[in-house]
Each structure stands twice: as C-alpha cells, then as structure tokens.
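Listed here are the chains, written in short residue letters.
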Amino acid sequence: MNIAFIAHDRKKEEIVNFAIAYEHVFEGNNLYSTGTTGQRIMDNTKLNIHRFLSGPLGGDQQIGALIAQNQMDLVIFLRDPLMAQPHEPDITALLRLCDVHGIPVATNVASAEIMARALDRGDLSWRELVELHRPRLDK
Ligand SMILES: O=C(CO)COP(=O)(O)O
C-alpha cells in the first residue's frame with residue numbers, strides 16, 4: 001500500500017504522535033511525505049519514508065502527481081484550517097486529485113485514525129485487487 005503523510009506546521013506534533021501510535025500499522029507499507037513532515041516522523045519513529053520537497057516548494061504537487069498516476073492508495077493530510085498557506089493552490093489541487101481518482105484522504109486526526117484502523121483491518125486491500133483492472137486515464 002502506498003501511503004502519503006502531510007501536515008502543516010501547527011499540525012506537525014499531531015501527525016508525529018499519530019505516526020507513533022499507529023507505527024505498527026504503517027510499517028511494511030511504502031510511505032511518502034512532504035519534506036519536513038517526513039523528517040519529523042522519521043526522527044520520532046522507525047518508519048522509513050520517501051520524502052519529497054517541502055510543501056511550499058512543490059511537495060504537494062509531487063504527491064499529487066503520484067495520485068494522478070494511480071500510485072497512491074491513502075493520503076493522511078493534517079491541514080491547518082486556521083492559517084492561510086502561501087501554496088494554497090497546490091493544497092487544493094492535491095485534494096481535488098484525491099476526489100478525481102477516488103483516493104481515501106483524511107484531513108484531520110480523527111478521520112486519520114479511522115483510516116489507520118481500516119488499513120489495519122484490511123479494509124483498503126480492495127485497492128490492490130482492482131488496481132490491475134483500473135482503466136488508466138493516460139490511455
Ligand atoms: O506544506 C505542507 C503541505 O501543504 C507540508 O510541507 P512540509 O512537510 O515540508 O512542512
């Protein structure tokens with residue numbers, strides 16, 4: 001399962017605590033993140049994460065590209081709803097692509113916990129099953 005972690009600055013501590021709590025669920029998956037988020041999680045867990053650029057420098061768009069190519073199965077994106085971000089268009093684009101491609105996305109820690117528990121139970125395994133039969137938008 002390919003999983004992306006993203007958190008705005010005032011949500012970094014929350015995503016680190018979330019990753020610590022569910023480390024046993026996420027280990028063994030292919031993990032991705034924006035730059036600073038991934039560094040913070042790796043500093044506090046044993047998870048190995050492929051880090052893209054920091055969000056304001058294009059990291060959201062890099063993860064968005066994987067979503068567009070059907071290479072992302074779950075996105076945990078703890079947004080800060082109380083602070084404007086300089087790269088707001090990138091954030092909107094990433095969330096839009098999740099909706100375009102039907103990718104599960106959690107934007108707060110309560111929904112992220114439900115996703116983690118669903119992942120643990122195997123509820124998201126259907127994505128691996130249908131992947132082979134999914135029509136590609138680039139064809
Ligand atoms: O800005 C972000 C998401 O929009 C997150 O980027 P960082 O993980 O590099 O802080």
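Please read all numbers here as calculations on a predicted model, not as lab measurements.

1. As for the site of the ligand
At step 1: Taken together, Ile6, His8, Thr34, Gly35, Thr36, Thr37, Ser54, Gly55, Pro56, Gly59, Asp60 and Ile91 are the residues near the ligand.
At step 2: When contributions to the shell around the ligand are tallied by element, the ones reaching two or more residues are α3 (35–44) and α4 (59–68).
At step 3: Here the residues of the shell around the ligand are counted per class, giving three nonpolar, eight polar and one charged.

2. Observations regarding α3
At step 1: Those residues of α3 not exposed but buried are Thr37, Gly38 and Ile41. Viewed end-on, α3 has its buried residues packed into an arc of 95°, placing them on one side of the element.
At step 2: Buried positions along α3 lie against β1 (2–7), α1 (12–21), β2 (30–33) and β3 (49–51).

3. A short note on the UniProt feature "binding site: substrate" (unreviewed entry) in the protein
At step 1: Feature annotation in UniProt assigns "binding site: substrate" (unreviewed entry) to the following positions: His8, Lys12, Thr34, Gly35, Thr36, Thr37, Ser54, Gly55 and His87.
At step 2: Here Lys12 is to be found in helix α1.
At step 3: Residues in contact with Lys12, not counting those within four places in the same chain, are Ala7, Thr37 and Arg40.
At step 4: Positionally, Thr36 belongs in helix α3.

4. Some details on the pairing of β2
At step 1: One ladder, built from four bridges, connects β1 with β2; its direction is parallel. The residue of β2 that forms the bridge with Ala4 is Tyr32.
At step 2: Bridging between β2 and β3 involves three bridges; their strand directions are parallel. What sits directly across from Ser33, in β3, is Arg51.
At step 3: On the question of chirality, the crossover connecting β2 to the parallel β3 by way of α3 is right-handed.

5. A short note on the nonpolar core
At step 1: In this structure, Ala4, Phe5, Ile63, Val75 and Ile76 are the most contacted members of the largest nonpolar core, which totals 33 residues.
At step 2: Broken down by secondary-structure element, the contributors of at least two residues to this core are β1, α1, β2, α4, β4 (74–78), α5 (88–101) and α6 (109–121).
At step 3: Here Val75 is in contact with Ala4, Cys98, Ile103 and Val105, once residues within four sequence places are set aside.

6. Regarding the sheet that holds strand β5 (residues 105–106)
At step 1: If you walk across this open sheet you meet the five strands as β3-β2-β1-β4-β5, and the pairing is parallel. The open sheet terminates on both sides in strands that have one partner only, identified here as β3 and β5.
At step 2: The strands touched by α1 are β1 and β4; relative to β1, the strand with the most contacts, the crossing angle is about 145°.

7. Here's the deal with unusual backbone geometry
At step 1: The phi torsion at Asn70 lies on the positive side, around 60°, for a residue other than glycine.
At step 2: Examined against the element boundaries, Asn70 turns out to sit in the loop between α4 and β4.

8. A word on the pairing of β4
At step 1: Burial analysis of β4 places five of its five residues in the buried class, which makes it a mostly covered element.
At step 2: Residues Leu74, Ile76 and Leu78 line one face of β4 and the alternating positions Val75 and Phe77 line the opposite face, and both faces are buried.
At step 3: The pairing of β1 with β4 spans five bridges and is parallel. Note on β4: the bridge partner recorded for Ile6 is Phe77.
At step 4: Across two bridges, β4 lies against β5 in parallel orientation.

Quick notes on the rules
- Every chain begins its residue count from 1, and numbering advances along the sequence as written.
- Residues qualify for local features only when their pLDDT is at least 70, as the model is predicted, and side-chain atom pairs are given and counted only at 80 or more; totals for whole chains, interfaces and linings, by contrast, use all residues.
- Should the C-beta atom of a residue, placed from the backbone, lie within 6 Å of a molecule or strand, that residue is near it.
- Secondary structure elements are defined from DSSP: runs of H or I of at least 4 residues count as helices, runs of E of at least 2 residues count as strands, and each element is numbered from the N terminus.
- Ten residues, namely Ala, Val, Leu, Ile, Met, Phe, Trp, Tyr, Cys and Pro, are considered nonpolar, four, namely Asp, Glu, Lys and Arg, are considered charged, and the remaining ones, Gly among them, are considered polar.
- To assign burial, the other C-beta atoms lying within 10 Å of each residue's own C-beta are counted, with C-beta atoms placed from the backbone; 20 or more indicates buried, 12 or fewer indicates exposed, and intermediate counts indicate partly exposed.
- Note that the arc is defined by the directions from the helix axis to the C-beta atoms.
- Placing a C-beta atom from the backbone of each residue, one calls two residues in contact when those atoms lie within 7 Å.
- UniProt positions are given in the numbering used here, feature names are shortened, and annotations may be inferred rather than shown by experiment.
- Two strands make a pair as long as DSSP finds a minimum of two bridges between them.
- Handedness rule for crossovers: strands pointing away from the viewer, path from the first strand over the helix to the second running clockwise, crossover right-handed.
- Any nonpolar core is a set of buried residues, restricted to Ala, Val, Leu, Ile, Met, Phe, Trp, Tyr and Cys, that join up through C-beta atoms within 7 Å.
- Structural elements are reduced to axes, namely lines fitted to C-alpha atoms, with helices fitted over the stretch in contact, and the angle between N-to-C directions of any two is expressed from 0 to 180 degrees.

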